[in-house]
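Structural features, examined
Spelled out from the first residue to the last, the chains are:
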Amino acid sequence: MVFYNPAGAPELACDECGCRWFDRMNNCCYECGTPVSAAAMDEYQRALTAFAARHGSDNPDPA
């Protein structure tokens, strides 16, 4: 799931428990272990792209 922080930037959260912390080595939630789905990543990437377009950034990936 994607939610927006107070600054308006999108953040990815676990679809099962809402946790915002992920194990990137294993592509799963730290809290409950649910894998991050391809659909969730697609939704997050679209939100990042839209945020970057609104804020004039050429790089939508903050990492």
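Here is what the cut-offs are and how they apply
- Each chain carries its own residue numbering, running from 1 in the written order of its sequence.
- A pLDDT threshold of at least 70 governs which residues receive local features in this predicted model, and a stricter bar of 80 or more applies before side-chain atom pairs are shown or counted, although totals over entire chains, interfaces and linings include all residues.
- In computing side-chain values, all of the structure's heavy atoms are included and hydrogens and water are not.
- In this description a helix means any DSSP run of H or I spanning at least four residues, a strand means any run of E spanning at least two, and both kinds are numbered starting from the N terminus.
- Relative accessibility thresholds used throughout: buried, under 20% of the residue-type maximum; exposed, over 50%; partly exposed, between the two (1.4 Å probe, protein chains only).
- Neither His nor the chain ends contribute to the count of charged residues, in which Lys and Arg are positive and Asp and Glu negative.
- The salt bridge definition used is simple: a Lys or Arg side-chain nitrogen within 4 Å of an Asp or Glu carboxyl oxygen.
- By the criterion applied in these results, polar contacts are pairs of N or O atoms within 3.5 Å in which, for protein atoms, one can donate a hydrogen and the other can accept it, and in which residues neighboring in sequence qualify only through two side-chain atoms.
- Residue-level confidence of the predictor is what pLDDT reports, using numbers from 0 through 100.

Moving on, we come to the side chain of Asp23. With respect to the helices, strands and loops of the structure, Asp23 is situated in strand 3 (residues 22–23). Among buried charged residues, Asp23 stands out as having no salt bridge; its nearest opposite-charge side chain is Arg24, 8.3 Å away. A polar contact of 3.0 Å, which involves the side chain of Asp23, links it to the backbone nitrogen of Met25.

To continue, consider the pattern of salt bridges. One pass over the structure, following the stated rule, counts 1 salt bridge. Among the salt bridges present, the one from Arg20 reaches Glu11, with a minimum N-O distance of 3.0 Å. The exposure class of Glu11 is partly exposed, given its relative accessible area of 22%.

With that settled, the discussion passes to the confidence of the model for the protein. On average, the protein scores 89 in pLDDT, and the residues at 70 or more come to 89%. Mean pLDDT per element in the protein: strand 3 is the minimum at 92, and strand 4 (residues 28–29) is the maximum at 96.

Turning to unusual backbone geometry, a few remarks are in order. One non-glycine residue, Asn27, lies in the positive phi region at around 55°. Counting through the fold element by element, Asn27 comes out in the loop between strand 3 and strand 4. On the basis of relative accessible area, Asn27 is assigned to the partly exposed category, the value being 39%.

Time to look at the environment of Ser37. By the element assignment, Ser37 lies in the loop between strand 4 and helix 1 (38–55). Considering only alpha carbons, one finds Ser37 and Met1, 36 residues apart in sequence, at a separation of 9.8 Å.

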